[in-house]
Amino acid sequence: MIVLGIESTCDETGAAVVKDGKTILSNVLASSADIHEKYGGVFPELACRRHIEAIIPVVDEALKTAQVTPDQIDLIAVAKGPGLIGALLIGMNAAKGLSIAWNKPLVGVNHVEAHLYASMMELETVPLPALGIVISGGHTLLLKILELGCYQPISTTVDDAIGEAFDKVGNLLGLTYPGGPQVEKLARLGNPKAYPFTAGKVKRSPLDFSFSGLKTAVLYALKGDVDKASIAASFQETALRDIANKAMMASKSFDCQAIFLGGGVTANQRLKAIMQETFPHLPVFWPQGTLSLDNAAMIAGLGAKKFFPPGDPLDLEARTRIPIV
Ligand code: KG4
Ligand code: ZN
């Protein structure tokens, strides 16, 4: 089955062609991150305008790179949410238009579930039940994976998502948007033990996350003549260890066979080391290559698994918030 995937939940316009849910024939991205830099975060209206310009050229390039023609496409999969509503609508409407013009079925895919699928994509068999960790600019989620499409949420954040905290701390440190990769780079030059930051605790919910207090601690630490690299390193160490520690506690609450990670923060190399240290006894699966960050290959891949007899493509709706289950 050859699937064309379309992604437009935030500031990346993506199109990809994936065969049988796993073989990536093309994976094209146009990012509007450059225009958001001066605002220190995604400016939704400007992201939408870029999506409008980029969507058809990106789809064309994905088909060209994959060397497939529209008649060889079996299915179109589009990210239906969660995300910025204006951004979602552009991908959704493009997908509906192509579905009708090419007479191809259309399936809507949950972006968060697709992030998790990115670390399963290459596997022949998925060890289950497993712990899922979604850590991105919009989400911080621990969940029990019973099977593909069947999840039990374990915990989430009560304020900022972890990627959002990295981006805001990047801002405080005077780094450009998106802050995550820049904080990681700066942190390599610092001492992670220099600042005694602590991760947020949520009353009566020991597995939930809270990053707003940590962010404020960084703000106060930055007063005066300070070692910014060590502040970045100490923040990063505290935030990432919080993820690993709570994931460890969650994994002990059931017969966990493996860990699957997804979302932009999984691009962080320090996290890989911390996870290895925390879970020496369990297989830990990561999104391969560039699949940590938003992309359409994960949408196309999961689309192949979500395809049931097609409904009317015009019935599909984009949603700002949708649960993974
Ligand atoms: O999954 P993603 O591309 O978009 C969302 O669905 O949100 O994740 C983007 C987030 C941003 O907050 C970005 O700063 C963060 O992932 N990120 C990182 C790294 N690379 C991207 N955070 C920490 N370390 C990184 N290397
Ligand atoms: Zn994402």
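Residues numbered from 1 in each chain as written. Chains lettered and ligands numbered in written order. Predicted model: local features only at pLDDT ≥ 70, side-chain atom pairs only at ≥ 80, totals over all residues. Heavy atoms only, no water.

**As for the coordination of the zinc ion (ligand 2)**
- On the protein side, the zinc ion (ligand 2) has His-111 (NE2), His-115 (NE2) and Asp-294 (OD) as donor atoms, found 2.0 to 2.1 Å from it.
- Given four donor atoms and angles of 96 to 132° at the metal, the environment of the zinc ion (ligand 2) is assigned as tetrahedral.
- Mapped onto the sequence, the donors of the zinc ion (ligand 2) take the spacing H-x3-H-x178-D. With His-111 in helix 4 (residues 111-117) and Asp-294 in the loop between strand 10 (284-285) and helix 10 (297-305), this residue pair connects regions lying 183 residues apart in the sequence. You'll find His-111 and Asp-294 in the same group, each marked buried. (Donors = N, O, S within 2.8 Å, 3.2 Å for Na, K, Ca; no water. Tetrahedral: all angles 85-135°; square planar, octahedral: opposite > 155°, others 65-115°. Helix = DSSP H or I, 4+ residues; strand = E, 2+ residues; numbered from the N terminus. Buried < 20%, exposed > 50% of the residue type's maximum accessible area, 1.4 Å probe, protein only.)

**Regarding the nonpolar core**
- In this structure, Ile-133, Ile-162, Phe-235, Ile-259 and Met-275 are the most contacted members of the largest nonpolar core, which totals 43 residues.
- Of all the secondary-structure elements, those providing two or more residues to this core are strand 6 (130-135), helix 5 (162-172), helix 6 (179-187), helix 7 (212-221), helix 8 (228-251), strand 9 (259-262) and helix 9 (269-278).
- Considering every element that reaches this core, the biggest residue donor is helix 8, with 12 residues.
- Excluding its chain neighbours within four sequence positions, the residues that come into contact with Ile-259 are Leu-131, Ile-133, Met-275, Phe-279, Leu-282, Pro-283, Val-284 and Phe-285.
- Formed by 32 residues, the second largest nonpolar core is a distinct cluster that contains Val-3, Leu-141, Ile-145 and Leu-302. (Core = buried A, V, L, I, M, F, W, Y, C linked by side-chain atoms within 4.5 Å. Contact = heavy atoms within 4.5 Å.)

**A closer look at the site of ligand 1**
- Residues in contact with ligand 1 amount to 19 residues; listed here are only the nearest, Gly-137, Asp-167, Glu-184, Gly-264 and Asp-294.
- Within the contact set of ligand 1, an oxygen atom lies 3.1 Å away from a backbone nitrogen or oxygen of Gly-163.
- Elements with a minimum of two residues in the shell around ligand 1: helix 4, helix 5 and helix 6.
- Among the residues forming the shell around ligand 1, the class breakdown is six nonpolar, 10 polar and three charged.
- Of the domains in this structure, domain 1 (2-116 + 291-306) and domain 2 (127-287) are the two that each give at least three residues to the shell around ligand 1. (Near = heavy atom within 4 Å. Polar contact = N/O pair within 3.5 Å; in protein donor to acceptor, adjacent residues only side chain to side chain. Nonpolar A, V, L, I, M, F, W, Y, C, P; charged D, E, K, R; others polar. Domains from an automatic or database assignment.)

**Some remarks on the domain arrangement of the chain**
- Each assigned domain of the chain is listed here: domain 1 (2-116 + 291-306) and domain 2 (127-287).
- For domain 1 and domain 2, the distance between their C-alpha centres works out to 27 Å.
- With 18 residues of domain 1 at the contact, the number on the domain 2 side is 21 residues.
- The largest contributions to the domain 1 side of the interface with domain 2 come from His-115, Leu-116 and Ser-292, which together make up 41% of the buried area.
- Across the contact surface, domain 1 and domain 2 share zero salt bridges.
- Scanning the region where domain 1 abuts domain 2 turns up six residue pairs in polar contact (both at pLDDT 80 or more).
- Breaking the side of domain 1 that touches domain 2 down by element, the ones donating at least two residues are helix 1 (33-36), helix 4 and helix 10. (Buried area = accessible area lost by both parts, 1.4 Å probe. Salt bridge = Lys/Arg side-chain N within 4 Å of Asp/Glu carboxyl O.)

**A word on the packing of helix 5 against helix 8**
- Running from amino to carboxyl end, helix 5 crosses helix 8 at an angle of 175°, the nearest separation of the two axes being 11 Å. Our classification of the angle between helix 5 and helix 8 gives roughly antiparallel. Contact residues: helix 5 offers Ile-162, Ala-165, Phe-166 and Val-169, while helix 8 offers Phe-235, Gln-236, Ala-239, Leu-240 and Ile-243.
- For the contact of helix 5 with helix 8, the residue count by class is eight nonpolar, one polar and no charged. (Axes fitted to C-alpha atoms, helices over the stretch in contact; angles between N-to-C directions. Parallel < 35°, antiparallel > 145°, perpendicular 65-115°, else oblique.)

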